[in-house]
Structures are given as structure tokens and as C-alpha cells.
Amino acid sequence: GLSFPCRGLGSSARSAREDSWLKSLFVRKVDPRKDAHSNLLAKRETSSLYKLQFHNVKPECLEAYNKLCQEVLPKIHEEKHYPCALVGTWNTWYGEQDQAVHLWRYEGGYPALNEVMSKLRQNKEFTEFRKERGNMLLSRKNQLLLEFSFWNEPVPRDGPNIYELRSYQLRPGTMIEWGNYWARAIRFRQDSNEAVGGFFSQIGQLYMVHHLWAYKDLQTREDIRNAAWHKPGWDELVYYTVPLIQEMESRIMIPLKISPLQ
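Please read these numbers as outputs of a predicted model, since none were measured by experiment.

A word on helix 7 (residues 218-228). Among all positions of helix 7, only Arg 221, Ile 224 and Ala 228 are buried. For helix 7, the angular spread of buried residues about the axis comes to 70 degrees, placing them on one side. In this fold, the buried residues of helix 7 make contact with strand 5 (162-170), strand 7 (208-215), helix 8 (234-241) and strand 8 (245-255). The N-cap of helix 7, judged by a side-chain oxygen 3.3 Å from the amide nitrogen of Gln 219 a few residues on, is Asp 217.

In C-alpha cells form, the structure reads like this:
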């Protein structure tokens, strides 16, 4: 008769241990840090700031919008006294339709951004461009970003390529954890030179991460992504990063003729 209470006690203790183990899976602990995320995760050898723009264009205006951007943007931003450069410019092919995406680099961080904005406000051609462009847009938003230290530098490349922008809304407080996992995960995705750049937001929508990839075509994208699952360790890193994500979005994009990323 004594065996039943003992068995019950053992079962209760085991159940408590299992509850504790399950809670440890869902309560994610990040060591307190004195440094800001930007200091821990960003490239230290450079102080570049990036701006990512999303422009939702009236469907009937997309062709005119592209033509205007291709005429005006290189003339304005390729002048030497503007400390910024166009990294890439695209139309979304799959994802949000009738959308333009622009990525800019500001050499020298926030002072460079302020300098460019100040000069552009006095630039008559840019003022007229913005007014004409504004009539073509339904909505627009932007974010200021820093580069992850462990990602590739986004340098010009020859095409033709399609580009995938994968955007992740992380749970607040998990950016360091994301960085720790992806510092290891990125090495699984270098074989085909598909990794273009990785960024995290500083201003705008916060706790946003953007990974930019280049592929020859959609089938090549599928083949490369499937190949990663055959590499030991990739599945484990995906398993641990998925719980950090609140939302995610994928855009397949086609570069405009003026884009340094072709």
C-alpha cells in the first residue's frame, strides 16, 4: 500500500521538473548589457548609416515613377560633395505590389545624414523631383539602419539577379540573442555568394531586422535554400531563432537600371 503514495510523489516531482524545463524554453533570458545594441552588433570599422525607403506607388504611375527616379537620383546623389551613395533600388515583384524600395548609405553616420538633408533642401532640382514624385505615391515610410558586424558589406554586383528582402519583426529584448545566433548561421549561406547585407533598425519601426539576398532566379533561390537544410547545424539555428520573431515578410525585388546591385 505504501508504493502508491511514493509513486505519486515521484510523479509529482517529475512533473514539476518537466514544468520547469518547459518554462525555460519560453522564458528567454538575455544577460544585462551596459552597451547599446548598436555598439555590440554593428560594424566597428565603419560608421556608415543606412536608410531604407518603401514607396507605395499608384499603379498607373509606376512606370513614370521609375523613369523619374532613374533620371534624377544618380545626378543628385553621385555628386562628390554629398556623403551618401545609392546602394540599391528595386521594384517589388512578389510581395506588396507597385512598390519601390531604395537603400542608401551615409558615410559618417548621423552627421552625414544631416549634411545631405540640409544640402538637398537647397537643391531646386531635388525639390521639384520630390513634388512630382509625391503626386505619384499612395504612401511611404523609411527606417534608419546599421549593419550587423558579421554580415557581408553590400557592394555593387553584376546581374542579372533577383533580390529577396526578408524582414523580421523581433520580440523586444531579443536583438542580442538574434545576433549571437546569426553570427554562426551566416556561414551556412555563403557558398553561392547569395548574402548581400544584413541590417537592424535604429529609427522607425524598432526591433526590425532586414536580410538582403541575391539569386539568379526563383528556382536557384529554392535550390540554395533547400541545400542549407542539409548542412549540419543549420536546422538547430533556425529552431532557436524562430521563437524570437513576432512577424516576418519576404519581398522578391527586381533592380532598376540605375541600381549598383544588379
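Attention now goes to the pairing of strand 3 (residues 99-106). Within strand 3, eight of the eight residues are buried, which leaves the element mostly enclosed by the surrounding structure. Burial along strand 3 is two-sided: Gln 99, Val 101, Leu 103 and Arg 105 facing one way and Ala 100, His 102, Trp 104 and Tyr 106 facing the other are all buried. Relative to strand 3, strand 1 (residues 49-57) runs antiparallel, the two being bridged by eight bridges. Across the sheet, the residue bridging to His 55 is Ala 100, located in strand 3. Direction of pairing for strand 2 (residues 84-94) relative to strand 3: antiparallel, over a ladder of seven bridges. Within strand 3, the residue paired with Ala 85 across the bridge is Arg 105. Linking strand 2 back to strand 3 in an antiparallel pair, the connection comprises four residues, with Gly 95 at a positive phi of about 125 degrees.

On to the packing of helix 3 (residues 62-77) against helix 5 (residues 124-134). With their axes 11 Å apart at the nearest point, helix 3 and helix 5 run at an angle of 160 degrees to one another. Judged by the inter-axis angle, helix 3 sits roughly antiparallel to helix 5. Along this stretch, helix 3 crosses helix 5, giving a crossing that reads as left-handed. The segment helix 3 lies against helix 5, with Tyr 65, Leu 68, Cys 69, Val 72, Leu 73, Lys 75 and Ile 76 engaging Glu 125, Phe 126, Phe 129, Glu 132 and Arg 133.

What follows deals with the sheet that holds strand 8. The strand order 1-3-2-8-5-7-6-4 describes a closed barrel built from eight strands, whose pairing is antiparallel. Along the sheet, successive strands turn relative to each other by an average axial angle of 35 degrees, direction set aside. Relative to strand 6 (residues 195-203), strand 4 (residues 137-147) runs antiparallel, the two sharing four bridges. By the bridge assignment, Leu 144 is partnered in strand 6 with Ile 203.

Turning our eyes to something else, we now look at helix 5. Taken as a whole, helix 5 has its buried residues at Phe 126, Phe 129 and Arg 133. Down the axis of helix 5, the buried set is contained in an arc of 55 degrees. They therefore lie on one face. Across from the buried face of helix 5, at angles greater than 90 degrees, the exposed residues are Lys 124 and Lys 131. Against the buried residues of helix 5 lie strand 1, helix 3, helix 4 (110-121) and strand 4.

The N-to-C vectors of helix 6 (residues 175-185) and helix 8 enclose an angle of 165 degrees; their axes lie 10 Å apart at closest approach. With respect to helix 8, the axis of helix 6 lies roughly antiparallel. Considering how the two elements wind past one another, helix 6 and helix 8 form a crossing that is left-handed. In contact with Trp 178, Tyr 181, Trp 182, Arg 184 and Ala 185 of helix 6, helix 8 contributes Trp 234, Leu 237, Tyr 240 and Thr 241.

Scanning the entire structure with this criterion turns up 16 aromatic pairs. Between the aromatic rings of Trp 93 and Tyr 94, the centroid separation amounts to 4.7 Å while the plane-to-plane angle is 40 degrees, which identifies the pairing as tilted. The class for Tyr 94 is partly exposed, based on a relative accessible area of 45%. In this structure an aromatic cluster arises from ring pairing among Trp 151, Tyr 168, Trp 178, Trp 182, Phe 188, Trp 213, Trp 229 and Trp 234.

How each quantity is defined
- What you see as residue numbers is a count from 1 along each chain, following the sequence as written.
- In view of the model being predicted, local features appear only for residues whose pLDDT reaches at least 70, and side-chain atom pairs are presented and counted only at 80 or more, with totals across whole chains, interfaces and linings using the full set of residues.
- Hydrogens are left out, water is left out, and the side-chain values use all remaining heavy atoms of the structure.
- Throughout, exposure labels follow a simple rule: accessible area from a 1.4 Å probe, protein chains only, divided by the maximum for the residue type, with under 20% read as buried, over 50% as exposed, and the rest as partly exposed.
- Segments assigned H or I by DSSP are reported as helices when at least four residues long, segments assigned E as strands when at least two residues long, and all are numbered from the N terminus.
- As used here, the arc is the angular range of directions from the helix axis to the C-beta atoms.
- Residues count as neighbours in contact if any of their non-hydrogen atoms are within 4.5 Å of one another.
- For the purposes of these results, a polar contact is taken to be a pair of N or O atoms within 3.5 Å, where, inside protein, one atom must be able to donate a hydrogen and its partner to accept one; residues adjacent in sequence count only when each atom of the pair is a side-chain atom.
- One requirement defines pairing of two strands: DSSP has to find at least two bridges between them.
- For helices, the axis comes from a line fit to the C-alpha atoms of the stretch in contact; other axes are also lines fit to C-alpha atoms, and the angle between any two N-to-C directions lies between 0 and 180 degrees.
- An angle counts as roughly parallel when it lies under 35 degrees, as roughly antiparallel when it exceeds 145, as roughly perpendicular when it falls between 65 and 115, and as oblique in every other case.
- Crossings are assigned a handedness: left-handed for a near helix turned anticlockwise from the far helix by less than a right angle, right-handed for a clockwise turn.
- Each pair of aromatic rings taken from Phe, Tyr and Trp, with Trp reduced to its six-membered ring, is defined by centres within 6.5 Å and is described as stacked if the planes are under 30 degrees apart, edge-to-face if over 60, and tilted in the remaining cases.

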